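So you can see what is in the structure, the chains are spelled out below.
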Amino acid sequence: MLRIMSARVAAQQQQRLVASRLLHSSVARSNVTNVPPTSVPGTPNPTAPMENPTPATPSTPNLSSSASSGTPPPPPLPPPKTTNRFRKFLLSVTVLGAIVYGGGVWFALWNDNFHDFYTEYVPFGEQLVMIIEEREFQRRFPNAGRKPLEDDAKRVTVQRGGATWKMVGDEYKGPSTGPHVSAVAKDKNVPKTETKKDVPPPPAPVPAPPVPEPKKQEPLVIRETVLPKLPKFVFDGTTDPSLENVVKSINGLFTALTTSGAAGPEELSALAASLGEVSNKFVALVAKYETELKENLDQQALVFALQNEKREQDYKQQLATVDEKWREGYFEERRRIMDTYKKRLIAELKKFNQVYSGRLRNEVAAANAEKDKLFADKVVETVENERNSRLSKLKDLKLAFEEVMALSADVDKQLETAERTAELQLALGSLTNALQAPYSVPLAPIVARIKEVGGDDPLISAAVAAVPVAAYDGVLTPAQLAARFKLLVPEIRKVSLVPADAGVAGFVGSWLFSKLLWKKEGKPKGTDVESVLARAESALVEGQVDEAVREVNSLDGWRKKLAEDWLAEGRKRTEVEFLARVLGEEGKVWQYKY
Amino acid sequence: MSAVKKTASEQLLNDKWDVVISNTLVKTALGFGFGVVTSVLFFKRRAFPVWLGIGFGAGRGYAEGDAIFRGGDAGVRIVNP
């Protein structure tokens, strides 16, 4: 890689060298061509742009001078610049990586979310974080995981608790030591600590002087038995083996001295006597210490007794205090309970009182109601008696009054009917007038009035209902019908000869040949079109609209189709006239009826 | 939109005549036009294509007139006013 990079750098340097040479040569040429720059002032110089870079280079004068000499010497090469790009790249990558990884680890230790992200996605991030965490842990707890437990006695033993299958007292009696119980090897050399400890004695109020431990209880009695030959030192009644040994060694010494002849029996006796004195002093000393000890013990016993008494008094006092307190509590509690029960009793009494008084009130109210009912019954009975006896005549009066009322109503009804009949006659008169008027009169108000006056009369109702709705705006008068018929007749005449289902030729033929037909007048017989038209016209002249309608209605085909409108009008007029006649008859009936 | 005024019954036939005559005129004129064009384009301006066209147009108008009088409205488009 490095080799490739260096080769590339060398190639670049070579290219740059060649380029600079070319540039210098061109500059030289331009300088040569620009020697007479003022020869053509007007013409633009094509090489002028090339002049611009040349003044920038300081070596231009030299170059121009050399160019003018003709053989351009090679320009001094600039020292090859080492860019150190690769080194810079490596350095920057390293620094950046260190910053990124270091910052990442620091932030991962600080933030849990980033910790997860970092350890999961960044390569080697997990190892780095683990190393840092491990080092931190080691720094905090240097002995973690290695230090054994220091003291067995400080261990906490957890008592077995809860239910078990074992019977009571059936504990396991097997070996309580061994690797299955404790992983720590038990030190055999360590003396067993005392598990049972006496209760420490109460501290002595008066520090006792150090008393030498008495070796034996009995006082030492020195018994000297002077043998005829050999004095013997005897400690009477001694049980101390060391003293016996001393006595034995002294006696042995005596024997040795005697046998060796170094000392005579007198000397030995004197020695024995001095030893006896010493032993007597020793005994006296022991006795003295014993007496002192006894005195001390008595004193201490007295002090203890005093203390005991004092404590007993304190205890009794405390007992009395507690007793008093308990008694007070007991009385307090009793009083509280008594209060509570008393309150409850009062409340229950009150409630019972309320219930009982309520019941009493109810009973009183019931008795009152019973009394009221009896009273009301009595009143009713009395009133009924009165009514039956004295007020019975009022019933007769009432009957008579009702009869008079019925009569009056009858008369009223008669009057009303007569009035209605008169109104009906008026309405019918107006209807007849409307039909006979020389112009068309709206019939709707007249019909409505007839209907209103007619009331429940079925004939009038049916007649009114039969009036065609188209006639409410009025019907054509006979004169109007006749005029319209005069307009209709030539149209009918044109198609008088048209056969059924005729085409153009049929219509044209009918039109032409109908001109040749003989026109009829009066009331001719026959069913041909001309006869029918003549009869209808004469009927109209006579004012018999229904007759004319009947005649026109007898036409067929296109004749009837053309006359449809006129027929409708004529029928309307005919119907209304007929209904007017019927209503007039009914009006006459009404007049006779009432 | 205002309701179309109903034709009075006595005017029914006149209306039909109006339609038939105008229709026949239009068809005849169309036949004449086709005849003229055909004569000019294909028949060196001879007269018979014109007469033939007129005949076709008039015949067509007559036939449709028959249909109109018989109750149909064949060949006629009624445009509502």
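Residues numbered from 1 in each chain as written. Chains lettered and ligands numbered in written order. Predicted model: local features only at pLDDT ≥ 70, side-chain atom pairs only at ≥ 80, totals over all residues. Heavy atoms only, no water.

Per an unreviewed UniProt entry, chain B goes by MICOS complex subunit MIC10 and derives from Lipomyces tetrasporus. Under the UniProt heading Function (unreviewed entry), the note attached to chain B is "Component of the MICOS complex, a large protein complex of the mitochondrial inner membrane that plays crucial roles in the maintenance of crista junctions, inner membrane architecture, and formation of contact sites to the outer membrane." Quoted verbatim from the Subcellular location (unreviewed entry) field of the UniProt record, the comment on chain B reads "Mitochondrion inner membrane". (UniProt positions renumbered as here; feature names shortened; annotations may be inferred.)

Naming follows an unreviewed UniProt entry, where chain A appears as MICOS complex subunit MIC60 of Lipomyces tetrasporus. Per UniProt, chain A carries the Subcellular location (unreviewed entry) text "Mitochondrion inner membrane". Annotation of chain A in UniProt includes, under Subunit (unreviewed entry), the sentence "Component of the mitochondrial contact site and cristae organizing system (MICOS) complex."

**Focus: the interface of chain A and chain B**
Counting residues at the interface gives 18 residues for chain A and 16 residues for chain B. Of the roughly 1,400 Å² buried where chain A meets chain B, counting both sides, 61% is carbon and sulfur surface. Close ionic contact of Asp501(A) with Arg70(B) constitutes a salt bridge, the shortest N to O distance being 3.7 Å. Seen at the junction of chain A and chain B, the total is five residue pairs in polar contact (both at pLDDT 80 or more). In the side of chain A that touches chain B, the residues fall into ten nonpolar, one polar and seven charged. (Contact = heavy atoms within 4.5 Å. Buried area = accessible area lost by both parts, 1.4 Å probe. Salt bridge = Lys/Arg side-chain N within 4 Å of Asp/Glu carboxyl O. Polar contact = N/O pair within 3.5 Å; in protein donor to acceptor, adjacent residues only side chain to side chain. Nonpolar A, V, L, I, M, F, W, Y, C, P; charged D, E, K, R; others polar.)

**Some points on unusual backbone geometry**
Negative phi is the rule for most residues except glycine; trans is the rule for most peptide bonds. At Asp501(A), a residue that is not glycine, the phi angle is positive and equals roughly 60 degrees. Mapping Asp501(A) onto the fold places it in the loop between α13 (478–494) and α14 (504–514). When its relative accessible area of 57% is taken as the criterion, Asp501(A) is described as exposed. Look at Lys44(B): it is not a glycine, yet its phi comes out positive at around 50 degrees. By the secondary structure assignment, Lys44(B) is in the loop between α1 (12–42) and α2 (48–69). Judged by relative accessible area, Lys44(B) falls into the exposed class, the value being 78%. (Helix = DSSP H or I, 4+ residues; strand = E, 2+ residues; numbered from the N terminus. Buried < 20%, exposed > 50% of the residue type's maximum accessible area, 1.4 Å probe, protein only.)

**Remarks on the UniProt feature "transmembrane region" (unreviewed entry) in chain A**
Those residues carrying the UniProt feature "transmembrane region" (unreviewed entry) are residues 89–110 of chain A in this numbering. For residues 89–110 of chain A, the helix share is 100%, the strand share is 0%, and the end-to-end C-alpha distance is 31 Å.

**Some words on the packing of helix α6 (residues 112–121) of chain A against helix α7 (residues 125–140) of chain A**
All names here are of chain A. Their axes nearest at 6 Å, the elements α6 and α7 cross at an angle of 125 degrees. Put simply, α6 runs oblique to α7. Residue-level contacts link His115, Tyr118 and Thr119 of α6 to Gly125, Glu126, Leu128, Val129 and Glu133 of α7. Of the residues that constitute the contact of α6 with α7, the class distribution is three nonpolar, three polar and two charged. (Axes fitted to C-alpha atoms, helices over the stretch in contact; angles between N-to-C directions. Parallel < 35°, antiparallel > 145°, perpendicular 65-115°, else oblique.)

**Regarding the UniProt feature "transmembrane region" (unreviewed entry) in chain B**
Following the UniProt record, the feature "transmembrane region" (unreviewed entry) maps to residues 20–43 of chain B here. Between the first and last C-alpha atoms of residues 20–43 of chain B the distance is 32 Å; the span itself is 96% helix and 0% strand.

**Quick notes on the pattern of salt bridges**
All names here are of chain A. Scanning the entire structure with this criterion turns up 24 salt bridges over all chains. Between glutamate 569 and lysine 572 there is a salt bridge; the shortest N-O distance is 3.6 Å. Note that glutamate 569 and lysine 572 are positioned in helix α18 (residues 564–593) at a spacing of three residues, about one turn of the helix. For the pair glutamate 569 and lysine 572, one class covers both residues: buried. If you follow the salt bridges from partner to partner, you end up with Glu136, Arg139 and Arg140 in one network.

**Considerations on the nonpolar core**
Residue and element names in this part refer to chain A. In this structure, Leu424, Leu431, Leu443, Ile450, Ile460 and Leu583 are the most contacted members of the largest nonpolar core, which totals 22 residues. Where this core is concerned, the elements lending two or more residues are α10 (393–436), α11 (444–454), α12 (458–466) and α18. No other element matches α10, which puts six residues into this core. Leave out the neighbours within four places in its chain, and leucine 443 touches Leu431, Ala434, Ala471, Tyr472, Asp473, Gly474, Val475 and Val576. Judged by nonpolar contacts, the second largest core, of 20 residues, contains Leu476, Phe485, Val545 and Trp566. (Core = buried A, V, L, I, M, F, W, Y, C linked by side-chain atoms within 4.5 Å.)

**Points about the side chain of Ser510(A)**
Its place among the elements puts Ser510(A) in helix α14. Once you skip the residues sitting within four places of it in the chain, Ser510(A) turns out to touch Lys494(A), Val495(A), Ser496(A), Leu497(A) and Val498(A).

**Observations concerning helix α9 (residues 265–389) of chain A**
Over its 125 residues, α9(A) extends 179 Å from the first C-alpha to the last, a length consistent with the 186 Å expected when each residue adds 1.5 Å. All buried positions along α9(A) are accounted for by Leu268(A), Ala272(A), Gly276(A), Ser279(A), Val283(A) and Gly358(A). (Expected span 1.5 Å × (residues − 1).)

**Quick word on the packing of α13(A) against α18(A)**
Residues and elements named next belong to chain A. The geometry of α13 relative to α18 is characterised by a closest axis approach of 10 Å and an angle of 165 degrees between their N-to-C directions. Here α13 lies roughly antiparallel to α18, going by the angle between them. For α13 against α18, the interelement crossing comes out left-handed. Contacts from Pro478, Leu481, Arg484, Phe485 and Leu488 of α13 reach α18 at Asp565, Trp566, Glu569, Gly570 and Arg573. (Left-handed = near helix turned anticlockwise from the far one by under 90°.)

**Some words on the confidence of the model for chain B**
Residue-level pLDDT values for chain B average 85, and 80% of them are 70 or greater. Here the prediction assigns the complex a pTM of 0.40, and the interface score ipTM is 0.84. (pLDDT = per-residue confidence, 0-100.)

**Things to note about the environment of Arg139(A)**
Residues and elements named next belong to chain A. Summarising the element assignment, arginine 139 is placed in helix α7. Using a relative accessible area of 59% as the deciding quantity, one classes arginine 139 as exposed. Among the polar contacts listed, one links the side chain of arginine 139 to the side chain of glutamate 136, at a separation of 2.9 Å.

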